[in-house]
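# Per-entry structural report
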Amino acid sequence: MVERLFASGRSWLFLGVLGLCLLALVAGPVLVAHDPALIDLSKRFAAPFTDGHWLGCDQLGRDIAARLLAGLYRSLGTALVATAIAFCIGTALGLLAARSTSLLGAFMRQLTSFTQSFPVFVLAVSVIAIVGSNGFWAVVLTLGLATWPVFARVAYAEGSSLLKREYVLAAEMMQMGTARLLLRHVLPGLIPSLSVLVVFHFADMIIAESALSFLGIGAPLGAPSWGGMLNESRAYMLVAPWMLLAPAGAIILLVVSAHLFGQKLRDATA
């Protein structure tokens, strides 16, 4: 499977982009020494590569490269933590629903279907608006708790099939506990499907966080975020197009490479 996965340039593209993101997170503060929140009106709309500003400056003279790097911390952090929350909750509940044939299993299946019937983005916007907080953890928890049914449905569907396998039935006849049975014999069989879903979900969370920030509810006012940078750049697209190209290019590159890697991973595990 590993040979099939890395036989295509799509996998290496994603790993290269991911490596660049990690390099930016580690060495970015050294390469970009500017303060992302520093306002310098004398450098308003400065073009790229002017006075050490690699990607230019925005309407307030703030360094775009520094703000792009600060937004990377937020976007990657939100996507990774929200995906982990959705994965853990959804997989656990999906396996419990597959294991249980009682009222609990039926309730979990109905809850999953009911939750997934709502558009995730609309649900996230509604929850954040009701809570009245747009901090990091508010966004992460909202996205994670709103998207766990995606993992629950896959875990339930494939878990139900795996629970009928001979080796699982043999382990059950040996009076193996439910937790050990699911973790040792069922969950490993779900890894190929869930790993593909994790990659696609990660890309979706990048888009969701950027969209929320674009609307002004994903990040606090003034905090560097890719969606917020896109929103600010709308009025200056003709004057300073680099304000739009930098965050848009970062989002597109990360999301597209993740989707290409997910497609290749799906083919390799098929």
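Throughout, a residue's number is its position along its own chain's written sequence, starting from 1. Only residues with pLDDT of 70 or above have their local features reported here, since the model is predicted, and side-chain atom pairs are shown and tallied only from 80 upward, although totals for entire chains, interfaces and linings are computed over all residues. Only hydrogens and water are removed before side-chain values are computed, so all heavy atoms of the structure are retained for them.

### Digging into the overall build of the protein chain
Under the DSSP-based scheme used, a helix requires at least four consecutive residues in state H or I and a strand at least two consecutive residues in state E, with every element numbered from the N terminus. Counting secondary structure elements, the protein chain contains ten helices and zero strands. Order of helices (α) and strands (β) in the protein chain, N terminus to C terminus: α-α-α-α-α-α-α-α-α-α. Along the first, second and third principal axes, the C-alpha set of the protein chain runs to 75 × 45 × 30 Å. Relative accessible area decides the class of each residue, using a 1.4 Å probe on protein chains only: under 20% of the type maximum gives buried, over 50% gives exposed, and in between gives partly exposed. For the protein chain, with 270 residues in total, the buried portion stands at 42%. Residue contacts follow a heavy-atom distance rule, with two residues in contact if any of their heavy atoms lie within 4.5 Å. Counted over contacts in the protein chain with a minimum sequence separation of 6, partners at least 24 positions apart contribute 72%. In short, Shrake-Rupley with a 1.4 Å probe defines the accessible areas, and a residue's cover is counted only from the protein chains shown. Summed over all atoms, the accessible surface of the protein chain reaches about 13700 Å², with 71% contributed by carbon and sulfur. His is not counted here, nor are the chain ends, while Lys and Arg score as positive and Asp and Glu score as negative. Just so you know, the charge point we use is NZ for Lys, CZ for Arg, CG for Asp and CD for Glu. With 17 positive and 13 negative side-chain charges, the protein chain shows a separation of 10 Å between the mean positions of the two kinds.

### Section: the packing of helix 3 (residues 64-99) against helix 9 (residues 226-233)
Angular values range over 0 to 180 degrees, each being the angle between N-to-C directions of two axes fitted as lines to C-alpha atoms, with helices fitted over their stretch in contact. Interhelical geometry of helix 3 versus helix 9 gives an angle of 140 degrees and a closest axis separation of 8 Å. Here helix 9 runs oblique to helix 3, going by the angle between their axes. From helix 3, Ile64, Arg67, Leu68, Gly71, Leu72 and Ser75 reach across to helix 9, where they touch Trp226, Met229 and Glu232. Amino acids are sorted into nonpolar (Ala, Val, Leu, Ile, Met, Phe, Trp, Tyr, Cys and Pro), charged (Asp, Glu, Lys and Arg) and polar (every other residue, Gly among them). Partitioned by chemical class, the residues of the contact of helix 3 with helix 9 number five nonpolar, two polar and two charged. Oblique is the label for any angle not under 35 degrees, not over 145, and not in the 65 to 115 range, which are roughly parallel, roughly antiparallel and roughly perpendicular in turn.

### What about the packing of aromatic side chains?
Two aromatic rings are characterised by how far apart their centres lie and by the angle between their planes. The rule is short: rings of Phe, Tyr and Trp, with Trp giving its six-membered ring, pair when the centres are within 6.5 Å, and they are stacked under 30 degrees, edge-to-face over 60, tilted in between. Taken as a whole and judged by the stated rule, the model has three aromatic pairs. Consider the rings of Phe136 and Trp137, whose centres lie 5.2 Å apart with planes at 80 degrees: the pair is edge-to-face. For Phe136, a relative accessible area of 26% corresponds to the partly exposed category. Residue Trp137 is classed as exposed on the basis of its relative accessible area, which comes to 53%.

### Side note on the environment of Arg99
Positionally, Arg99 belongs in helix 3. On a C-alpha basis, the gap between Arg99 and Ser257 in space is 36 Å, while along the polypeptide they are 158 residues apart.

### Remarks on helix 8 (residues 178-214)
Given a rise of 1.5 Å per residue, 37 residues ought to cover 54 Å, yet the end C-alpha atoms of helix 8 are separated by just 45 Å, more than 12% below that figure. The angle between axes fitted to the seven residues ending at a residue and the seven residues starting there is what we call the bend at that residue. Its maximal kink placed at Leu187, helix 8 deviates by approximately 50 degrees, while the proline Pro188 follows within four residues. Gly216, located one to two residues past helix 8, shows a positive phi value of around 85 degrees. How far a helix is expected to stretch is found by multiplying one less than its residue total by 1.5 Å.

### Concerning helix 9
Taken across its eight residues, helix 9 has six buried, putting it largely inside the fold. Residues Trp226, Gly227, Gly228, Met229, Leu230 and Ser233 constitute the buried set of helix 9. Against helix 3, helix 8 and helix 10 (242-269) lie the buried residues of helix 9.

### What about unusual backbone geometry?
One non-glycine residue with positive phi stands out, namely Phe49, at about 65 degrees. Inspection of the secondary structure assignment puts Phe49 in the loop between helix 2 (9-31) and helix 3. For Phe49, a relative accessible area of 69% puts it in the exposed group. Positive phi is not limited to glycine here, since Asp51 has a value of about 55 degrees. Mapped onto the fold, Asp51 is located in the loop between helix 2 and helix 3. Classification of Asp51 by relative accessible area gives exposed; the value is 58%.

### Quick word on the nonpolar core
Nonpolar side chains tend to gather and get buried jointly when the protein is soluble and globular. What makes a nonpolar core is a set of buried Ala, Val, Leu, Ile, Met, Phe, Trp, Tyr and Cys residues whose side-chain atoms join them at distances within 4.5 Å. One finds Leu76, Leu143, Phe202, Ile206, Trp226 and Leu254 to be the most contacted residues of the largest nonpolar core, which totals 37 residues. Residue assignment for this core shows that the elements contributing at least two residues are helix 2, helix 3, helix 5 (120-131), helix 6 (136-162), helix 8, helix 9 and helix 10. Ranked by residues supplied to this core, first place goes to helix 10 with ten residues. Setting aside chain neighbours within four positions, we find Ile206 in contact with Ser75, Leu76, Ala79, Leu254 and Val255. If you look at the next biggest cluster of nonpolar residues, it comprises 18 residues, including Leu95, Ala155, Val168 and Leu197.

All quantities given are derived from atomic positions and should not be read as evidence of function.
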